[in-house]
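Inside the fold
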Amino acid sequence: MKTVCKHCGTPVPDTRSDEFCCTGCRAVHDLLQHEGLEHFYDLKSGLNLPPVPAQAMRQQDYAWLENAAMAAEAARASADVAAELGVSVQGLSCMACIWLIERVFAKMGGTQIQVDIASGELRMAWEPGKFQPVEFARELQRFGYLLGMQRVDGGQTSDNGLERRTGVCGAFAMNAMAFSLPAYFGMPADFPFAHWFDLVAAASATLSMLVGGSYFAQRAYLALRAGVLHIDTPITLGIVAAYAGSLIGWMSGEAGLKYFDFVAMFIFLMLAGRLVQQMAVVRNRRKLLRDPSIPDKEMLEALEAGASFSVKPGQAVPVAAKLTDAHASISLEWISGESDSCSRSGGQLLPSGALNAGARALNAVALEGWKDSTLHKLLEARRGGEQRDLRLEKLLRGYLVVVVLAGVAGGLWWWWHTGEWTRALQVMISVFVVSCPCALGVAAPLADDIAAARAADQGVFVRTLGLWKKLTRLRHVVFDKTGTLTLENPLLLNPEALKGLDDTARQVLRHLTSGNLHPVSRSLYDALGDLAGEGLSTEVSEEAGLGLRCQHAGVVWSLSKPQDTAADVVFTRDGETLCAFRFRDALRAESLAQVEELQTRGLRVSILSGDREAKVAAIAGQLHLQPGQWQHSLTPEEKAAWISAHEPQSTLYIGDGANDSLAFDAASCAGSPVTGRSFLEHKADFYFLGHSMRFMSSLLEIAATHRRAVHAVFGFSVSYNIVTVIVGLMGHLSPLLAAILMPLSSLVTLSLVAWMFRRGGGRREQEGTRAPASAVVTECVTAC
């Protein structure tokens, strides 16, 4: 059985000797213990958390929060009330997170705080002078939570007002059922209030049609206009037929035609299933903050050739520009995939998309407008919509033809043999009613929700509804190299060297590396493990080709490339070497095992990289890939062209940089690690946290289980529809029986989905991966 992380619960990579999946989780766990906040794990109750992201362990720019807090205080100063501010939060997952954030807030002197997990936001109130929002943000960051600017959508958690539609239609359904039941239990037609009961049921069904039925009717209409058959088409057919028959039955006094309760309840169940399907995706989309490496939109739109601008540390140069500073340090990893930083002198070209890897803002003059830049093209690139499922459309077309023919033929047969038009109409409507894919419409969203929860247990978060179908069609998996197959930062080969430093030296080294984006600096910053250096106020200077320098305690400290040693960088004090550090690019944990597993499953594996041939060849060799399986020195356009020429409709591409954006658009399925410095996780089908590739085989197994569950539900639904259609054609399907069978069939399919996933989880447990108990509990509760 694999070990799971003591903090987040995700699997621990085989390369780690402790009980944590990453350095971030270990640091947060130790901090919780030190601060006496161990109750966090009691409240977590076995639920898995997202692994602590690497960016939570690094210095963040909170200038935006300082400005927002000052504006909030100024706005409330005249009213003499507490200042209020809403912000987004990355890292929320359960009630334990709310408890921890509230404790930290109260400890720091805040007045009132409200945390909303669903929207990924919090709203805080404080008295000016007694609480510092920026310090609160930094304290939360120590526990793995990041604050960002409030989203522009105002906390909306689903599209099309689906939450409101579902809630309102739920009330209508309860009313329709409550006022229909007396007739089913023998209420006489001459009862004084019988007419009013019918009127309330009819009004409830009518309102349900207007509020909820219009959702499916509109989607079916738009699909038909585009020449596409959608699952909403048979749903709309059943709803319209039942409602029309109910109106006829109500006006003619034929009780056997009244399906008002069925209409209202069916619409509610379909909306509820659709809401469940969307909510998991929306929650995962809201777990991420806006990419801070992209400059503000207002600044970008104002950029024209000849305009002067500045780029903050960690941000991207938006347009091709000429450097006006004496020198600057930039990284081309977004453009070429090269993680090493390089120096630029005054007057030299800064390419669009280069990252400011220095500790200070750089100044430049634009050589082109924003809309003409490479970065604009990469940001504006959009992935294609969901691919048409021609097999499903063919199946739906045949299904609709059979249903319509069966209903019409059945109605005509009864009319011919009995001469009773009401009886014939009841038979026809009953066929249309029972043929609605109610069980499938409720159970398929549950399968999506459980699959998304299982993926989250592995540190993978689903962003699109069509992911599972795409994963079952894969034939080819393509990886970017830098930051995807390899770790974002190079591996420190001699971490024991840090143990020989005294507290002052560790504090200074932490300060030197805290604001620098060079991969070596990031690696040392993470390896130091504590935040002791955050309190230093001395200025860090960067000299092109020489490294980082600062003065502290009367001496000069520097981190630079050595001249005559085999080390990569040396840390010196007044010229005396204290430590010499060595690094190398390292694969993510279990990359080799996962690549071999993918190939064992019959999938082709390739690497596309903008990095140099020697570096790509070295990584490919470690993964036992042949020369034909990897490409080097590719531009973004060349990556996309390669994908387009190699079965893009069955290709999964996983990358992390802006130079992967066009390849994302070319592939049918795309995934990205969360780096905090790329916008790709906001357009991927899924994103993942942590430093291991173990999730790959688990994700494919979850997709396979999802497919088996949906197929099982489909098989049951077909059998159920055949039986009920026959019963309807025989004239035995009354509105009461239809109202009973609908929820019963839904309950059976929900239980079937939950059982299929539990069986799949049991299989994985036998193979060595523990299925979290929380997932099983969630499935049982949701199904029931």
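Whatever comes next refers back to the structure up there.
First, a word on scope: everything that follows refers to the structure included in this document. Position labels on residues start from 1 in each chain and follow its written sequence. Given that the model is predicted, a residue must reach a pLDDT of at least 70 before its local features are reported, and side-chain atom pairs must reach 80 or more before they are shown or counted; all residues, however, enter totals for whole chains, interfaces and linings. Only heavy atoms go into the side-chain values, all of them from the structure, while hydrogens and water stay out.

Where helices and strands are cited, they refer to DSSP runs of H or I of at least four residues and of E of at least two residues respectively, numbered from the N terminus. Helices and strands together make up the secondary structure of the protein chain, namely 26 helices and 25 strands. Buried means the residue's accessible area, taken with a 1.4 Å probe over protein chains only, is under 20% of the maximum for its type, while exposed means over 50%, and partly exposed covers the values in between. Considering the protein chain as a whole, with its 784 residues, one finds that 55% of them fall into the buried category. Every residue pair with non-hydrogen atoms within 4.5 Å of one another is taken to be in contact. Put simply, of all contacts in the protein chain between residues at least 6 apart along the chain, 69% involve residues at least 24 apart.

Helix packing for two helices is described by the angle between their axes and how far apart those axes are. Interhelical geometry of helix H7 (residues 194–225) versus helix H8 (residues 232–252) gives an angle of 155° and a closest axis separation of 10 Å. Looking at the two axes, H7 sits roughly antiparallel to H8. For the crossing formed where H7 meets H8, the hand is left-handed. Here Asp198, Leu199, Ala202, Ala205, Thr206, Met209, Phe216, Ala217, Arg219 and Ala220 of H7 lie close against H8, whose contacting residues are Asp232, Thr233, Ile235, Thr236, Ile239, Tyr243 and Trp250. Three residue categories are used. Nonpolar comprises Ala, Val, Leu, Ile, Met, Phe, Trp, Tyr, Cys and Pro, charged comprises Asp, Glu, Lys and Arg, and polar comprises the others, including Gly. Counted by class, the contact of H7 with H8 contains 11 nonpolar, 3 polar and 3 charged residues. Think of each axis as a best-fit line through the C-alpha atoms, taken over the contacting stretch in the case of a helix, with angles from 0 to 180 degrees between the N-to-C directions. Any angle between 65 and 115 degrees counts as roughly perpendicular, while under 35 counts as roughly parallel, over 145 as roughly antiparallel, and the rest as oblique. A clockwise turn of the near helix away from the far one marks a right-handed crossing, whereas an anticlockwise turn of less than a right angle marks a left-handed crossing.

Any Lys or Arg side-chain nitrogen found within 4 Å of a carboxyl oxygen on Asp or Glu counts as a salt bridge. Counted by the stated rule, this structure contains 25 salt bridges. Among the ionic pairs, lysine 312 bridges to aspartate 61, the shortest N-O distance being 3.8 Å. Placement of lysine 312 in the loop between strand E5 (308–311) and strand E6 (321–323) and of aspartate 61 in the loop between helix H2 (39–44) and helix H3 (63–77) is noted, with a sequence separation of 251 residues between them. For lysine 312, a relative accessible area of 41% gives the class partly exposed. A single network of salt bridges, built from pairs that share partners, joins Glu597, Arg601, Glu701 and Arg708.

The next thing to look at is the pairing of strand E23 (residues 651–654). Burial of E23 is two-sided: the residues Thr651 and Tyr653 facing one way and the residues Leu652 and Ile654 facing the other way are all buried. By the convention used here, strands pair only if DSSP detects at least 2 bridges between them. As paired elements, strand E13 (residues 476–479) and E23 share 4 bridges and run parallel to each other. When the bridges of E23 are listed, histidine 476 appears paired with threonine 651. Two strands pair when backbone bridges link them, and E23 and strand E24 (residues 669–673) are joined in this way by 3 bridges, in the parallel orientation. Each residue of the ladder has a partner; that of leucine 652, found in E24, is cysteine 669. Once you follow E23 into helix H23 (residues 661–666) and on to E24, the crossover reads as right-handed. With the strands aimed away from the viewer, a crossover counts as right-handed if its path from the first strand over the helix to the second runs clockwise.

Classification of ring pairs rests on two measures: the distance between centres of Phe, Tyr or Trp rings, Trp counted by its six-membered ring, which must be within 6.5 Å, and the angle between planes, read as stacked under 30 degrees, edge-to-face over 60 and tilted in between. Scanning the model with the defined rule gives 19 aromatic pairs in all. Measuring from ring centre to ring centre gives 5.3 Å for phenylalanine 179 and phenylalanine 197, while their planes differ by 70°; the resulting arrangement is edge-to-face. One end of the pair, phenylalanine 179, is in helix H6 (residues 162–184); the other, phenylalanine 197, is in helix H7, and 18 residues separate them in sequence. Classification of phenylalanine 179 as partly exposed rests on a relative accessible area of 28%. Between tyrosine 653 and phenylalanine 664, the aromatic rings sit 6.0 Å apart at their centres with planes inclined by 75°, giving edge-to-face as the arrangement. Note that tyrosine 653 is positioned in strand E23 and phenylalanine 664 in helix H23, a separation of 11 residues in sequence. Of the two residues, tyrosine 653 and phenylalanine 664, neither departs from the other in class, the shared state being buried.

Here we take up the environment of proline 495. Following the sequence through the fold, proline 495 ends up in the loop between strand E14 (491–492) and helix H17 (496–499). Looking at proline 495, the relative accessible area reads 42%, which means it is partly exposed. Linking proline 495 and phenylalanine 581, residues 86 residues apart in sequence, is a C-alpha distance of 8.0 Å.

Below, the discussion takes up the nonpolar core. Membership of the largest hydrophobic core comes to 84 residues, with the highest contact counts inside it found for Phe266, Trp468, Leu471, Ile607, Leu652 and Phe686. Aside from chain neighbours lying at most four places away, what touches isoleucine 607 is Phe479, Lys481, Leu485, Val616, Ile619, Ala620, Leu623, Leu625, Gln629, Trp630 and Gln631. Buried residues of nine kinds, namely Ala, Val, Leu, Ile, Met, Phe, Trp, Tyr and Cys, make up a nonpolar core once their side-chain atoms join them within 4.5 Å. One finds Tyr41, Val104, Ile113 and Val115 within the second-largest nonpolar core, a separate group that totals 51 residues.

A few words now on the packing of helix H13 (residues 421–434) against helix H24 (residues 695–729). Contact pair H13 / H24: the axes reach a minimum separation of 9 Å and the direction vectors enclose 170°. Viewed along their axes, H13 and H24 adopt a mutual orientation that is roughly antiparallel. Of H24, the residues touching H13 (which contributes Val427, Ser430, Val431 and Val434) are Tyr720, Asn721, Thr724, Val725, Gly728 and Leu729. Tallied by class, residues from the contact of H13 with H24 come to 6 nonpolar, 4 polar and no charged.

A separate point is the sheet that holds strand E12 (residues 460–462). If you trace the 7 strands from one edge of the open sheet to the other, you get E12-E25-E24-E23-E13-E21-E22, paired in mixed fashion. Bordering the open sheet on either side are E12 and strand E22 (630–631), each of which pairs with just one other strand. The strands touched by helix H22 (residues 636–644) within the sheet are E13, strand E21 (604–608), E22 and E23, with E21 carrying the most contacts at an inclination of about 165°. This element, H24, spans E12, E13, E23 and strand E25 (686–688) of the sheet and lies at about 145° to E25.

Taking every second residue as pointing to the same face, the buried face of E5 carries Phe309 and Val311, while none of Ser308 and Ser310 on the other face is buried. Two elements, E5 and strand E11 (residues 362–366), share 4 bridges in a ladder whose sense is antiparallel. Among the inter-strand pairings, valine 311 is bridged to a residue of E11, identified as leucine 362.

Moving on: the sheet that holds E6. Strand order in the open sheet formed by 4 strands is E5-E11-E6-E9, and the pairing between neighbours is antiparallel. Of all strands in the sheet, those bounded by a partner on one side alone are E5 and strand E9 (349–350). Judged from the 2 bridges that link them, E6 and E9 form a sheet pairing that is antiparallel. Across the sheet, residue lysine 322 finds its bridge partner in E9, namely leucine 349.

At aspartate 574, a residue that is not glycine, the phi angle is positive and equals roughly 50°. Topologically, aspartate 574 is positioned in the loop between strand E18 (569–573) and strand E19 (576–581). Of note, histidine 624 is a non-glycine position whose phi angle comes to about 60°, a positive value. On the secondary structure map, histidine 624 appears in the loop between helix H21 (613–622) and E22.

With that out of the way, let us pick up H3. Here, expected helix span is obtained from the residue count minus one, scaled by 1.5 Å. Over its 15 residues, H3 extends 21 Å from the first C-alpha to the last, a length consistent with the 21 Å expected when each residue adds 1.5 Å. Those residues of H3 that sit buried are Leu65, Ala69 and Ala72. Down the axis of H3, the buried side of the element spans an arc of 60°, and every buried residue falls inside it. In H3, those exposed residues whose orientation departs by more than 90 degrees from the buried face are Met70, Ala74, Ala75 and Ala77. Directions from the helix axis toward the C-beta atoms define the arc.

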